[in-house]
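Reading the structure
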Amino acid sequence: MGDEFIAVFYLRNNSPENNWYLHPTAPLVESIETYIYSHDALIETKKSGLLHHNDIDFHFGQFVNLPFNDERLVVMHFKSRFFTSPFTVKILPKELAKNKLDTENTLLFMSIGACVALAVFNFFLYFGTQQIQYFYYATATLLFTLGWSQVFGVLSNWFGHIDIAWTLMPFFPALAIIGLFSSAFLQLKSRSPKLNALMKIAVISSLLCIPIPFINIGASIVAVSIVGALTLNISMISGIYAWIQGYSPARYFVIALTMIMLPTMLVHMSNLGVIANIDANIYLMAQLGYTLDTLLLAFALAEKYRVLHQQHKEMNILLESRVEERTQALNDAKLALEHLIDELKQADNAKNTFLANMSHEIRTPLTAIIGYADGLLEGDINRSEQENVIKVISQNGNHLLAIISDILDLTKIEANKLTLEVVATDIASLLNEVTSLAEMQAKQKALSFRLECEFPLPKTLYTDPTRLRQILFNLVSNAIKFTDAGEIILNVAFNNQTLQFDVKDTGIGMTADVRKALFKPFEQGDSTTSRKYGGSGLGLSISQRLAQHMGGTLSVESTVDVGSTFSLALPLTEHAYEGLIDKLAPVVSNTLSAIPHKPDFVGAQVLLVEDHFHNRELIIKLLNAFNFEVDAVTNGKEATALLTNQQNAYDIVLMDIQMPELDGIQTLFALRKLGDLTPIIAFTANSMEHEVNHYLRQGFTAHLSKPIDRNAMLRTFTQLLPCHTEQHAMLGAEELESLCNGYFKDIKMQLFSVLKANDNGDIKTLVTLIHNMKGSAQSFGFDLLTELAQELEFAIQQQQHQQQRLLIEKLHLLHKFFQTDQIDALSQAITNHGFRLSQVIESLQANIEIWKAWQIHLQEDISALDWERVAANSVRFVRPFELLSLSHCASLSLSIYDACHFELKDIKRIQSYCDELAVSLSALAEALPPEPLSP
């Protein structure tokens, strides 16, 4: 099988096309060297294959230029330890080749994705049912998918060259597991001992062949073809035999094997040289056949479950008939047994319904994926439509992800493992988010959405905002979905210590029977409702159970063709809320939109520590887009070595957690021990609440989760680095700070005069002063003053006395903030935050409670004498303190850090630093406005 040979041929171009693609149809060739001669002179040399970069991913051809009416001598040197089958060299126009092979690549990845999704789903079923067939099915699917992925060179393309032995090896255990699956699924042990014995031989043969790829590649290709043919043929014979005997699930099994056997046998016969080369990508055909086989085997498993359920039902009927024949003396026992049987039936029906609905919900998007894949393969879809087709495939993939998320939520609730994260929640912010989503969705259907508030309402709730938003989003989205004309109203009221949200619509309404089953999983009116409006029917079930976990109730009132009202009632104790409001204050956005222009971090140095190549490349590109200068290493050991020689050379370290050599937490402790104080951000896919808290307690400055949330990442960076915008690019930081500082001295006097004029009732002077302030403040970084002055001027002109008093109170709060001595240089803080005072105050308001909690944890670590963690934790917020000109807090943090490195720890001194830090943070909290000041 392994050899090298040379193909020599002439190419003459009689067409106007100059750009061509030489396409050898061979898979798994290690090296192809192509020499192109013109008039006996070598003009070009190219390399392709598994060991080289290829012009088109996963295909070993090469682009060549052949002018019109010209001739080339082509010499192709093929060298490999293995050649799986005879092959030809095709020459295609460049664009045609790209389109054709890109389509094949799309089909390949859709096929791989579908197989992985089915494998994961069946692992889920195995853990739920403990039936070994699901485990065999899922494991074999993953192994075959792994093997086929490398047949096409996918893994080598992603991770670098992978030895062919590891490409071929997964097929042998996969074939063994297929044999075990067939034996268990078809019940061969009891149905046909002879076929079961033959299947054992096939399984043992497959297992014995596992070392062959590491000994002789050529022999392993022959072995996988022979063992594969043996296993599939025995499985097919066994399936037909079981079908003939009346075992109905076997029909899906036979059809599934047919889907994979036809293209696979072509591959095996081609590998063994039994048939000539076929002018088609038989390996892609085999992969697609395997995908159909995987899907049909899922049907077979579902059919088997149905048969088992039927048998169970018949056994129950038989048992009932025997119980009825018992004497009257056993009547009580009989009634108890019947009651137990009814419960078992309900449990079985519930499980059966769950599996059937899950099967339907997953098959629906898979139908679109496979249908469009067939259309692409058969050429039924025009090139102009292919972009829309890919979008449909992406949408269906996201739909599958949403279904899995709902199932995970439902599973957590059923297992009583759902935990609520109770935090202070601003009701204005919450209602603003719900309203924004509702207005957008309603607008798409030409509906009206209205928020009605019956004041007073609690200002701050102590609840889980994520779960409360989830319930309200679901109720509002359902109302919009089932309403074709009219309006949706969200009414919020607080009466008798109960906060109630009523979502009213003018939609299709519901009958009493529908309402009874509405909160059951997968229930959605009737079948026509499901077909017309879509959805899995899990949302209301999850919402009701979340409401119950939060101590509340979710109910519904509805009239057919009139509309429905869903009511969420949350009883609140006196400790579950703070304050009352008689209007909704404007909400300060907590998203990147709060930054007026694209952030510019020019000159900022970032060290990225990430072991995954593609993640590393993606993050570097993203950071470069914001003018970061990025260095990257692959593990903590490399990062430590680099920073040992260049301590504090970087502004930020972005650190993966799970890495070889040295993990993220070990690296954090090592760097702090070396004296490196660079802010280190934990960058990991571990994003559960307890995991995030664990990383922050270890001393990471912040946490960012994977996959990448661009906005969250930039928000974190703007808290740790001076952030300038294109608006002020023409001025340097020192010039901006100088302008801001000069104006700050003047604005304090102006603000004092404004408040004095208001106290004296001198409206004329007041209007003049605020008009001047409105025109100048924003240019010097005091944007918040401009906004307040503009609103105050308007309120005075319109004689809105209540609004005027509210705005004057905000100016009093701002004047008090200007007097604090905790911030050393407010102008420097403003310059570091996009030249915006509002950003400084919002950053302080967002972080002050976090800092106070951090100081308490630091105190606990000191009391526990955990000096390694004290050292790591003490410098966690040094950079944010410096950016906000909280020099005293930064200095105290560094003093604690320095004291931790003395051999003899002065615990009293360290404790005094920590106590002084607590006093400073409390004074800062006292000076801060208690709520957003933006009008």
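Keep in mind that this is a model prediction, so the values were computed, not measured.

**Quick notes on the UniProt feature "transmembrane region" (unreviewed entry) in the chain**
As recorded in UniProt, the sites labelled "transmembrane region" (unreviewed entry) are residues 107–127, 134–152, 164–185, 197–215, 221–244 and 251–270. Between the C-alpha atoms that bound residues 107–127 the distance is 31 Å, and the span itself is 100% helix and 0% strand. Annotated as residues 197–215, this span is 84% helix and 0% strand, and its ends, taken at the C-alpha atoms, are 29 Å apart.

**Quick notes on the environment of L677**
One can find L677 in the loop between α21 (664–674) and β20 (680–684). The class of L677 is partly exposed, set by a relative accessible area of 26%. Between the alpha carbons of L677 and A872 there is a distance of 8.8 Å; along the sequence they are 195 residues apart.

**Considerations on the sheet that holds strand β18 (residues 629–633)**
One open sheet accounts for five strands, arranged β18-β17-β19-β20-β21; its pairing is parallel. The strands lining the two open edges of the sheet, one partner per strand, are β18 and β21 (702–705). Taken over all neighbouring pairs, the strand axes of this sheet differ in orientation by 20° on average, direction set aside. Note: β20 against β21, four bridges, orientation parallel. Looking across to β21, one finds that I681 is bridged to A702. Each of β19 (652–655), β20 and β21 is contacted by helix α23 (residues 710–720), which is oriented at about 160° to β21, the strand it contacts most.

**Regarding the UniProt feature "modified residue: 4-aspartylphosphate" (unreviewed entry) in the chain**
Cross-referencing UniProt, the feature "modified residue: 4-aspartylphosphate" (unreviewed entry) maps to D656 in the present numbering. Inspection of the secondary structure assignment puts D656 in the loop between β19 and α21. Setting aside anything within four residues of it in sequence, one finds D656 in contact with V609, E610, D611, G664, F683, T684 and K706.

**Section: the packing of helix α26 (residues 783–797) against helix α27 (residues 801–818)**
One can describe the packing of α26 onto α27 by two numbers: an axis separation of 9 Å at closest approach and a directional angle of 155°. In terms of axis orientation, α26 runs roughly antiparallel to α27. When you trace α26 past α27, the crossing you get is left-handed. Facing L784, L785, L788, E791, L792, A795 and I796 of α26, the residues of α27 in contact are Q803, Q804, L807, I808, K810, L811, L814 and F818. Among the residues forming the contact of α26 with α27, the class breakdown is 11 nonpolar, two polar and two charged.

**Observations regarding helix α5 (residues 171–185)**
With 15 residues, α5 extends 20 Å from end C-alpha to end C-alpha; this agrees with the ideal 21 Å at 1.5 Å per step. Residue Q187 follows α5 closely and has a positive phi angle near 55°.

**As for the sheet that holds strand β8 (residues 423–426)**
One open sheet accounts for three strands, arranged β8-β10-β15; its pairing is antiparallel. Two strands in the sheet have a free side with no partner beyond their single neighbour: β8 and β15 (577–581). On average, adjacent strands in this sheet sit at an angle of 25° to one another, irrespective of strand direction. Judged from the four bridges that link them, strand β10 (residues 457–463) and β15 form a sheet pairing that is antiparallel. Looking at the pairing, L457 lines up with I581 of β15.

**Considering the pattern of salt bridges**
Evaluated as defined, the whole model comprises 13 salt bridges. One salt bridge in this structure joins R450 and E452, with 2.2 Å as the shortest N-O distance. Between K852 and E849 there is a salt bridge, with its nearest N and O atoms 3.8 Å apart. Remark: E849 and K852 occur in helix α29 (residues 837–863); sequence separation between them is three residues, near one turn of the helix. Looking at K852, the relative accessible area reads 28%, which means it is partly exposed. One connected set of salt bridges, linked through shared partners, spans R697, D861, D866 and R869.

**So, α26**
Here α26 spans 21 Å end to end across 15 residues, near enough to the 21 Å set by a 1.5 Å rise per residue. Within α26, the full set of buried residues consists of D783, L784, L785, T786, L788, A789, L792, E793, A795 and I796.

**A look at the packing of aromatic side chains**
According to the stated counting rule, one finds 15 aromatic pairs in the structure shown. Aromatic pair F817 and F818: ring centres 6.3 Å apart, planes at 45°, arrangement tilted. Exposure class is identical for F817 and F818. Each is buried. The rings of W851, W854, F877 and F881 are connected pair by pair, giving a single aromatic cluster. Sitting over the ring of F63, K94 keeps its end group 4.8 Å from the ring centre. Its guanidinium or amino end placed over the ring of Y247, R191 lies 4.5 Å from that ring's centre, counting from NZ or CZ.

Calculation rules
- Residues numbered from 1 in each chain as written.
- Predicted model: local features only at pLDDT ≥ 70, side-chain atom pairs only at ≥ 80, totals over all residues.
- Heavy atoms only, no water.
- UniProt positions renumbered as here; feature names shortened; annotations may be inferred.
- Helix = DSSP H or I, 4+ residues; strand = E, 2+ residues; numbered from the N terminus.
- Buried < 20%, exposed > 50% of the residue type's maximum accessible area, 1.4 Å probe, protein only.
- Pairing = 2+ DSSP bridges.
- Axes fitted to C-alpha atoms, helices over the stretch in contact; angles between N-to-C directions.
- Contact = heavy atoms within 4.5 Å.
- Parallel < 35°, antiparallel > 145°, perpendicular 65-115°, else oblique.
- Left-handed = near helix turned anticlockwise from the far one by under 90°.
- Nonpolar A, V, L, I, M, F, W, Y, C, P; charged D, E, K, R; others polar.
- Expected span 1.5 Å × (residues − 1).
- Salt bridge = Lys/Arg side-chain N within 4 Å of Asp/Glu carboxyl O.
- Phe/Tyr/Trp six-rings, centres within 6.5 Å; stacked < 30°, edge-to-face > 60°.
- Lys NZ or Arg CZ within 6 Å of the ring centre and 35° of its normal.

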